[in-house]
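An overview of the molecular structure
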Amino acid sequence: MQVDVIPLSLGIEGFRVIASDERDDAIEVAIETVLPAACCPGCGHAEIVPKERKPLWMRDIPLRPGKQTWLIWWKRRFACLRCMRTFTETRDEIPPRTTHTNRFDSYLSARAIETPYAQVAAEEGVSFYRVDKASRARAERTLAGRAVDPPTRLCIDEQSHLRGQVYNTAVSDPDRRRVLELIETRKRRPLQDFLAALPESTRASIEEVCIDMHQPYRAAIRTALPHAAIVCDRFHIERMVADELDKLRRAIQNEVPKGDKAPLFRTRRKLRKGTKKLTLKDLDDLAALFDDHPDLEVAWSLARDIKHIYAAPDRLKTRGQGSPIT
Ligand SMILES: [Zn+2]
């Protein structure tokens, strides 16, 4: 290492450069603290004598473009003249046994926003793990620094996996399009515990909770968020109505003689179609079907009314939509 010091602006307070060595691909900078340790951390005595120094190597941001930069902190050791303990100087901003400065991590994670991690790792001569860790730390700092208002609405949905053998419960914030929690069951208790454990201010701010018609969810919300309005998701309601209509169709199909089953089976999809999607041919087929099975027509009209009610722009407009039930 050369003794002549190249002019470097370190930007780290409390240190000075004591030597530096610049090569084609790297810079090494030896540094020491400006102020020696004041007193013994064991007994508080001020009479201490310096002993040997030990180097701590730390990777730092490039002090010249394209050059790996290493800081070598020559940490002093001291001995206390009263209790005879020895100790090494410390700095709060540099943890013991660290291998890099905090600003090197910030530099890596800033590069990794635009550049693939593997490329950053290769170009900077560090591990993929180092880049990944620095990026995670940046993301956590960003999230922690963002003041987030508590949600006013929640959506609770069940999700099935493995062909319905496994059910999870997803709790999300529909206004921010964010999943807040994934619970590995659709039972009441875990959801209730999650909602009850939310901060008081968050629970108070939730005005509406949108769910499917799964009864345990309703019970969990009634207990944990008694002030919140429960809203049933319209798509679940429409699907349930369509399923009930199909159930009726199948029941009739099972009862009628063999030769009359075909029209019931053929119209199974037409019964589920929205009114606007029905062709003239569809309407003729349905009219013929309803002539033979008036119960099916009543059920079909009710299902259609529910769709219209949801499609209406306001409550008043829904009044004209329902057909009289006889
Ligand atoms: Zn001491």
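Residues numbered from 1 in each chain as written. Predicted model: local features only at pLDDT ≥ 70, side-chain atom pairs only at ≥ 80, totals over all residues. Heavy atoms only, no water.

A short note on the domain arrangement of the chain
Interfaces are often described in size by the accessible area the parts lose on coming together. One can read the domain layout of the chain as domain 1 (1–99), domain 2 (101–147), domain 3 (153–232) and domain 4 (236–318). Just the C-alpha atoms count here: the centres of domain 2 and domain 3 sit 34 Å apart. (Domains from an automatic or database assignment.)

Observations regarding the nonpolar core
Ile-156, Leu-191, Leu-195, Val-209, Ile-221 and Leu-225 are the most contacted members of the largest nonpolar core, which has 18 residues in total. Mapped onto this core, the elements with two or more residues apiece are strand 6 (153–161), helix 4 (188–196), strand 9 (208–211) and helix 6 (215–224). Looking at which element gives the most residues to this core, the answer is helix 6, with 4 residues. In contact with Ile-156, other than residues within four places in its own chain, are Thr-169, Ala-170, Val-171, Leu-191, Val-209, Cys-210, Ile-211, Asp-212, Tyr-217 and Ile-221. Core analysis: the next-biggest nonpolar cluster, separate from the first, contains 14 residues, Leu-245, Leu-271, Leu-278 and Phe-290 among them. (Core = buried A, V, L, I, M, F, W, Y, C linked by side-chain atoms within 4.5 Å. Buried < 20%, exposed > 50% of the residue type's maximum accessible area, 1.4 Å probe, protein only. Helix = DSSP H or I, 4+ residues; strand = E, 2+ residues; numbered from the N terminus. Contact = heavy atoms within 4.5 Å.)

Side note on the sheet that holds strand 7 (residues 166–173)
Across the sheet, which stays open at both edges, the 5 strands sit in the order 8-7-6-9-10 with mixed pairing between neighbours. In this open sheet, the two strands that pair with only one neighbour each are strand 8 (178–183) and strand 10 (229–232). Pairwise comparison of adjacent strand axes, ignoring direction, gives a mean angle of 25° for this sheet. The pairing of strand 6 with strand 7 spans 7 bridges and is classified as antiparallel. Across the sheet, residue Ser-160 finds its bridge partner in strand 7, namely Tyr-167. (Pairing = 2+ DSSP bridges. Axes fitted to C-alpha atoms, helices over the stretch in contact; angles between N-to-C directions.)

Digging into the side chain of Arg-77
Take Arg-77: it is sitting in strand 4 (residues 68–80). A distance of 2.8 Å separates polar atoms of two side chains, one belonging to Arg-77 and the other to Thr-86. The residues contacting Arg-77, other than those within four sequence positions of it, are Val-49, Pro-50, Lys-51, Glu-52, Thr-86, Phe-87 and Thr-88. (Polar contact = N/O pair within 3.5 Å; in protein donor to acceptor, adjacent residues only side chain to side chain.)

Quick word on unusual backbone geometry
Of note, Met-84 is a non-glycine position whose phi angle comes to about 70°, a positive value. Residue placement: Met-84 occurs in the loop between strand 4 and strand 5 (86–88). Positive phi outside glycine occurs at Arg-177, with the angle close to 50°. You can see Arg-177 is positioned in the loop between strand 7 and strand 8.

A short note on the coordination of the zinc ion
Distances from the zinc ion to its protein donors, Cys-40 (SG), Cys-43 (SG), Cys-80 (SG) and Cys-83 (SG), fall within 2.3 to 2.4 Å. For the zinc ion, the 4 donor atoms in the first shell make angles of 104 to 117° at the metal, a pattern classed as tetrahedral. Here the donor residues for the zinc ion map to a single chain with the spacing C-x2-C-x36-C-x2-C. Under the relative-accessibility criterion, Cys-40 is labelled buried at 2%. Relative accessible area serves as the criterion here: at 30%, Cys-43 is assigned to the partly exposed category. (Donors = N, O, S within 2.8 Å, 3.2 Å for Na, K, Ca; no water. Tetrahedral: all angles 85-135°; square planar, octahedral: opposite > 155°, others 65-115°.)

Concerning the packing of helix 1 (residues 102–114) against helix 2 (residues 117–124)
In the contact formed by helix 1 and helix 2, the axes pass within 9 Å of each other and the chain directions differ by 135°. Classed by the angle they form, the pair helix 1 and helix 2 counts as oblique. The two elements helix 1 and helix 2 cross, and the hand of that crossing is right-handed. Of the residues in helix 2, those in contact with Tyr-107, Leu-108, Arg-111 and Ala-112 of helix 1 are Tyr-117, Val-120, Glu-123 and Glu-124. Residue composition of the contact of helix 1 with helix 2, grouped by class: 5 nonpolar, no polar and 3 charged. (Parallel < 35°, antiparallel > 145°, perpendicular 65-115°, else oblique. Left-handed = near helix turned anticlockwise from the far one by under 90°. Nonpolar A, V, L, I, M, F, W, Y, C, P; charged D, E, K, R; others polar.)

Here we look at the confidence of the model for the chain
Of all residues in the chain, 92% attain a pLDDT of 70 or more, and the chain-wide mean is 85. The low-confidence segment residues 1–5 (pLDDT under 50) makes 16 contacts with residues lying over four places distant or belonging to another chain. (pLDDT = per-residue confidence, 0-100.)

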